[in-house]
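Chain residues, written in single-letter form:
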Amino acid sequence: MKKSYDPSAIEQSVQHYWHKNHSFLRHEDETKEKFYCISMLPYPSGKIHMGHVRNYTIGDVIARYQSMKGKNVLQPLGWDAFGLPAENAALQNKLSPSEWTYHNIEQMRSTIKQLGFAIDWSRELTTCSPKYYKFEQQLFLKMYKKGLAYKKTAAVNWDPVDQTVLANEQVINGKGWRSGASIERREISQWFLKITAYAEELLSELDNLKGWPEEVKTMQRNWIGKSEGLEIAFSIMGSEEKITIFTTRPDTIFGVTFLAIAPEHPLAISLAKTNKSLEHFLEQCRKMEKNSALDKDGCDTGLFAINPLSGEKIPIWVTNFVLMEYGSGAMMSVPAHDVRDFEFAKIKGLPIKPVIKSTNAKAGVATQEPTVTPGILFNSGKYSDLTSQEAREAIANYVVEHNIGYRKINYKLRDWGVSRQRYWGAPIPIINCPRCGEVAVPENMLPVTLPENIKLDNPQSPLVTLENFLKTQCPTCRSAAMRETDTFDTFMESSWYYARYCCVDQKNNIFDKRTDYWMPVDQYIGGIEHAILHLLYARFIYKVMRDEDLVKGNEPFKNLLTQGMVLKDGAKMSKSKNNVIAPQELLSKYGADTIRLFIIFAAPPEQSLEWSDSGIEGSHRFLKKLYAASLLYADNIIAANGAKNSTAVDPSQRSLYAEIHSLLNQANADIERIHLNTVVSAAMKILNLLQTLDNGTQNNQIIASGFSILLRLLHPIVPHITHYLWQELHFPGDIINAPWPLANASFLAKEKVNLVIQINGKTKGQVEIPTNSDEETIKNLALAKVKNLLAAKKIIRTIIVPRRLINIVVN
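Residues numbered from 1 in each chain as written. Predicted model: local features only at pLDDT ≥ 70, side-chain atom pairs only at ≥ 80, totals over all residues. Heavy atoms only, no water.

Asks: Is there a simple way to think about the overall build of the chain in this case?
Replies: A count of helices and strands for the chain gives 25 helices and 34 strands. Seen through its principal axes, the chain has C-alpha atoms that stretch 100 × 85 × 50 Å. When the 811 residues of the chain are sorted by exposure, 54% land in the buried category. The long-range share in the chain, meaning contacts at least 24 apart out of those at least 6 apart in sequence, stands at 71%. Counting only carbon and sulfur atoms, one obtains 49% of the accessible surface of the chain, whose full area is about 36500 Å². Looking at the chain, you have 94 positive and 86 negative side-chain charges, and the mean spots of the two groups are 4 Å apart. (Helix = DSSP H or I, 4+ residues; strand = E, 2+ residues; numbered from the N terminus. Buried < 20%, exposed > 50% of the residue type's maximum accessible area, 1.4 Å probe, protein only. Contact = heavy atoms within 4.5 Å. Areas by Shrake-Rupley, 256 points an atom, 1.4 Å probe, with all protein chains shown as cover. Lys, Arg positive; Asp, Glu negative; His and termini not counted. Charge placed at Lys NZ, Arg CZ, Asp CG, Glu CD.)

Below is the structure:
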């Protein structure tokens, strides 16, 4: 061993050993329990940040731990390589998106390898490779044939700067999340995937995901948004037309004072042709100038509807807070019992008619603020004095019996729009033929390859004018035809990659039997920001693949860990805040193990981690301390490892063994719960205990035993230094293959225990007794301990709670 800790030399040497010995190459092995561990697919932005490092470090600790438990562990990595950021960067740097992307992948791969993750690089995939998206196109065509993929004209969020459609969650206060441009509402022909066909299964199976955080499951439930209610038709005065609304609160129908319809509602569009005020309002809504939850607005159509239960005449308004995508694009508005309706009614001076009183309130208070909770009906005709629940059922029965409406289940979840009007994405494998219409590209003609090495000079997709891509022949009638120029939303690539890792070299089929061996993913790790869309889309696509007999099981991810952010001075690390810590600089100064140790020790995985320079220094000091202690005790450990004599425990050292194994026992419980920071704490305490021993030969066995436990306990967290020390101290074999240390039960059994002594239920002291004492011995020792307090007292009985207390009842 060298006289001082040299992380650079150690880490390079150890990584060379791993590479030479293919240490992390994995094959299917039916004789072993498998464990599939992955972190969410990274985007190749060029330089990895500390959020990446934390994510992969947590995953690597879990993977290495499970491997030491004897499982066949797979941990692959790939690149989510398509997307708008590559185009924007290519425009800025005058490069092609492909050139920018592949260069970044090289940079990131190099840094990630320096961090020493146990990755099977033979399974690396890149989503912008035709070898990958060929099968994505194949999967899309299977969905197309089943009616799960379709094209329709729909109102979308259009970013005029980035020249593409944005999802609702990518619009913030009416602005594009990347460009900052004011978003417009446009009617565009789009490709959709019918995720709504799986809405109920996506919802119900959340209950079976026992290894997922409740917070994530709640977010998904809310996003799916199941509602059970009524669909009711309101007649329009002076017209044969009706407006259909969906409501979950039919008990409030007598309190309706206006109907609200979406700006995209057919009635609104029709009326705007002859109503200048309405036309102007719809234009404002298209530009999203008013479409904010904090800025409610609307326009009176001048039309009235008839409440089918009360017969009252109510005005029809077009508002910016009703979504065409939900229900029928129309809603009955009850200001007295809905916060949003109440606020709008106040702004526009519309009537507020209370019809529900809570059990603790007087009728009519809803004119001051809405009563949103169920209660007792009044002002509701024959339904007055019923509870909300009773009224809902009675009104539902009436509506159905009189053909006014019907019971219905609605979901807030909308079908997934997968079209993007940009270049850097996987082509959608559809041909538009003037004779045949939409024609699917035959599977034997896949992939439809995206032209690469195209330098961009504006945001518009070059595919719409690139003749060698655009022009083709219809596979059905052989006429001249045009390819679809929209590309897939990048969520498509990340919705199925986890299964492709299992058989990434399969050239003919999307999956093979190896996928059956590895799936589902046993541990998935990634940020909470992906809790809804990515995870929901991945669950949906997995179910589609299951129904196509491509995979087995119902869910892709058995256990989910959502790690916290990395903060500096209380703020998330970002270039805009100029608070980014470059991993490359830390690698050069401290080495990978120091970074890994700090990340694991500084905070539990699910909590945010506050960056600390002193914390990094402290982690480095601990590793130097570990190295120095190993050097000090090297002769003792080597001697013990080479000895053939008995490993019997010296009775005088039994208490120290007990402390070490007690710490190990707690660490094992913590690592199973992924409480990784306390595993480091246990290791630090074990090292402190070992350093109390002198390096005399009488301590060889306990020193060797202690360091064997310590190095194995730390190996998943700091794999380089522990690998090196394991070899240098002549422990057998490779630490990667060493069994995980387990606490010796004989050391955990206490020889003595303290019992609380109570007299008439009040604590009066404690007594130490041998753990195997019988009740008579316990009683005699306790009485002797408090005999002065029992003078002149008559003992009625004694109550013994084993290993906890003895209560002496006296009078």
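Asks: Is there a simple way to explain the sheet that holds strand β2 (residues 72-74) in this structure?
Replies: The pairing of strands in a sheet happens through backbone hydrogen bonds and is either parallel or antiparallel. Pairing is parallel across the open sheet formed by four strands, whose spatial order is β2-β1-β26-β27. Pairing within the sheet leaves two strands with one partner each, and these edge strands are β2 and β27 (560-563). When the angles between neighbouring strand axes are averaged without regard to direction, this sheet yields 20 degrees. Of the strand pairs in this sheet, strand β1 (residues 34-39) and β2 are connected by three bridges, and their pairing is parallel. The partner of Phe35 across the bridge, within β2, is Val73. (Pairing = 2+ DSSP bridges. Axes fitted to C-alpha atoms, helices over the stretch in contact; angles between N-to-C directions.)

Asks: How should I be thinking about the pairing of strand β10 (residues 226-236) in this particular structure?
Replies: Consecutive side chains along a regular strand alternate between the two faces of the sheet. Bridge count for β10 against strand β18 (residues 405-411) is seven bridges, and the pairing is antiparallel. Following the sheet pairing, Lys226 is matched in β18 by Tyr411. Where β10 meets strand β11 (residues 242-247), six bridges bridge the pair, whose relative direction is antiparallel. From the neighbouring strand, Leu230 faces β11, where its bridge partner is Thr247. Adjacent in sequence and paired antiparallel, β10 and β11 are bridged by five residues, among which Gly238 carries a positive phi angle near 75 degrees. Across two bridges, β10 lies against strand β13 (residues 298-306) in antiparallel orientation. Bridge pairing in β13 links Ser235 to Ile306.

Asks: Sorry, what's going on with the pairing of strand β34 (residues 805-810) here?
Replies: Of all six residues in β34, six are buried, a share of seventy percent or more. On β34, burial covers both faces: Leu805, Asn807 and Val809 on one face and Ile806, Ile808 and Val810 on the other are all buried. The sheet contact formed by strand β31 (residues 752-759) and β34 spans four bridges and is parallel. Its bridge partner being in β34, Ile757 is matched across the sheet by Ile806. Counted between consecutive antiparallel strands, the loop separating strand β33 (residues 795-801) from β34 contains three residues, among which Arg803 sits at a positive phi close to 65 degrees.

Asks: Explanation requested: the packing of aromatic side chains in the structure shown.
Replies: Two aromatic rings, taken as a pair, are described by how far apart their centres are and by the angle between their planes. Scanning the entire structure with this criterion turns up 34 aromatic pairs. Relative to Phe117, the ring of Tyr56 lies with its centre 6.1 Å away and its plane at 75 degrees, an arrangement referred to as edge-to-face. Here Tyr56 is found in helix α2 (residues 50-68), whereas its partner Phe117 is found in the loop between α4 (97-114) and β4 (125-126), with 61 residues between them in sequence. For Tyr56, a relative accessible area of 4% puts it in the buried group. Consider the rings of Tyr423 and Trp424, whose centres lie 5.9 Å apart with planes at 50 degrees: the pair is tilted. Considered together, Tyr423 and Trp424 belong to a single accessibility category, that of buried residues. Joined through ring pairs, the aromatic side chains of Tyr497, Tyr498, Tyr501, Tyr524, Tyr542 and Phe557 make up one cluster. (Phe/Tyr/Trp six-rings, centres within 6.5 Å; stacked < 30°, edge-to-face > 60°.)

Asks: What should I look at first to understand helix α11 (residues 388-401) in this one?
Replies: Side chains of residues three or four places apart in an α-helix project in the same direction, reflecting 3.6 residues per turn. The terminal C-alpha atoms of α11 lie 20 Å apart, and with 14 residues this matches the ideal 20 Å at 1.5 Å per residue to within 8%. For α11, every residue scored as buried is listed here: Ser388, Ala391, Ile395, Ala396 and Val399. Down the axis of α11, the buried side of the element spans an arc of 130 degrees, and every buried residue falls inside it. Exposed positions of α11 whose direction lies more than 90 degrees from the buried face are Gln389 and Glu401. Those residues of α11 that are buried lie in contact with β10, β16 (356-357), β17 (376-377) and β18. Once α11 finishes, Asn403 follows within two positions and takes phi at roughly 55 degrees, a positive value. (Expected span 1.5 Å × (residues − 1). Arc of directions from axis to C-beta.)

Asks: Which parts of the structure should I look at to understand the nonpolar core?
Replies: Proteins that are soluble and globular tend to have nonpolar side chains buried together. Tyr498 and Phe707 are the most contacted members of the largest nonpolar core, which has 182 residues in total. What Phe707 contacts, discounting residues up to four positions off in sequence, is Leu626, Ala629, Ser630, Tyr633, Ile637, Leu687, Leu690 and Phe731. Judged by nonpolar contacts, the second largest core, of 37 residues, contains Leu267, Val334, Val355 and Tyr383. (Core = buried A, V, L, I, M, F, W, Y, C linked by side-chain atoms within 4.5 Å.)

Asks: Explanation requested: empty space enclosed by the protein in the structure shown.
Replies: If a probe the size of a water molecule is rolled over the atoms, the empty space left behind becomes visible. Within this structure, the stated rule accounts for two cavities of 30 Å³ or more. Each pocket or cavity is described by its volume, and for the largest cavity that value is around 120 Å³. In this structure, the largest cavity is lined by 13 residues; those nearest its centre are Phe24, Arg26, Arg64, Ser67 and Ala118. Put simply, the parts of the chain that give the lining of the largest cavity at least two residues each are α2 and β2. The residue inventory of the lining of the largest cavity, partitioned by class, reads seven nonpolar, three polar and three charged. Each pocket or cavity is described by its volume, and for the second largest cavity that value is around 50 Å³. Residue lining of the second largest cavity: Cys37, Ile38, Ser39, Tyr56, Gln75, Pro76, Leu77, Phe117 and Ile119, and that is the complete set. (1 Å grid on protein atoms, 1.4 Å probe; cavity = no way out; pocket = protein on both sides within 12 Å on 5 of 7 lines; lining within 4 Å. Points joined across faces, edges and corners; volume = space filled by probe spheres on them. Nonpolar A, V, L, I, M, F, W, Y, C, P; charged D, E, K, R; others polar.)

Asks: What is the right way to look at the environment of Asn578 in this model?
Replies: In this fold, Asn578 is placed in the loop between β29 (571-572) and α16 (583-589). What makes Asn578 exposed here is its relative accessible area of 73%. C-alpha of Asn578 to C-alpha of Ile528: the two residues are 50 residues apart in sequence and 23 Å apart in space.

Asks: When you look at the pattern of salt bridges in this model, what are you seeing that I'm missing?
Replies: Side chains bearing opposite charge may pair, as long as their charged atoms lie close to each other. Inspection of every chain in the model, using the stated rule, returns 38 salt bridges. In this structure, the salt-bridge partner of Lys226 is Glu200, at a minimum N-O distance of 3.1 Å. Placement of the pair is Lys226 in strand β10 and Glu200 in helix α6 (residues 199-204), with a sequence separation of 26 residues. Note that Asp489 is salt-bridged to Arg420, the shortest N-O span being 3.6 Å. With a gap of 69 residues between them, Asp489 in the loop between β25 (487-488) and α13 (497-500) and Arg420 in strand β20 (residues 419-420) connect regions that are remote in the sequence. Here the residues in one salt-bridge network are Glu201, Glu205, Arg539, Lys543, Arg546, Asp547 and Glu555, joined through shared partners. (Salt bridge = Lys/Arg side-chain N within 4 Å of Asp/Glu carboxyl O.)

Asks: I keep staring at the sheet that holds strand β5 (residues 149-159) and nothing clicks. Help me out?
Replies: Read across the sheet, four strands follow the order β6-β5-β9-β19 without closing on themselves; strand pairing throughout is antiparallel. Strand pairing shows two members of the sheet lacking a second neighbour, β6 (164-166) and β19 (416-417), which therefore form its edges. Bridge count for β5 against β6 is three bridges, and the pairing is antiparallel. Across the sheet, Asp159 pairs through a bridge with Thr164, a residue of β6. Of the strands in this sheet, β5 and β9 (184-193) are in contact with helix α5 (residues 130-145), which crosses β9 at around 90 degrees.

Asks: Could you clarify how one ought to interpret the side chain of Asp593 in this entry?
Replies: As for its position among the elements, Asp593 is in helix α17 (residues 592-602). One buried charged side chain, Asp593, makes no salt bridge at all; its nearest oppositely charged neighbour is Arg596, positioned 4.6 Å away. Of note is the side chain of Asp593, whose polar atom sits 2.8 Å from the backbone nitrogen of Ile721. (Polar contact = N/O pair within 3.5 Å; in protein donor to acceptor, adjacent residues only side chain to side chain.)

Asks: Could you clarify how one ought to interpret helix α3 (residues 84-93) in this entry?
Replies: Among all positions of α3, only Leu84, Ala86, Glu87, Ala89 and Ala90 are buried. On its buried face, α3 is in contact with α4 and β6. Among the residues trailing α3, Lys94 stands out with phi positive, at a value near 55 degrees.

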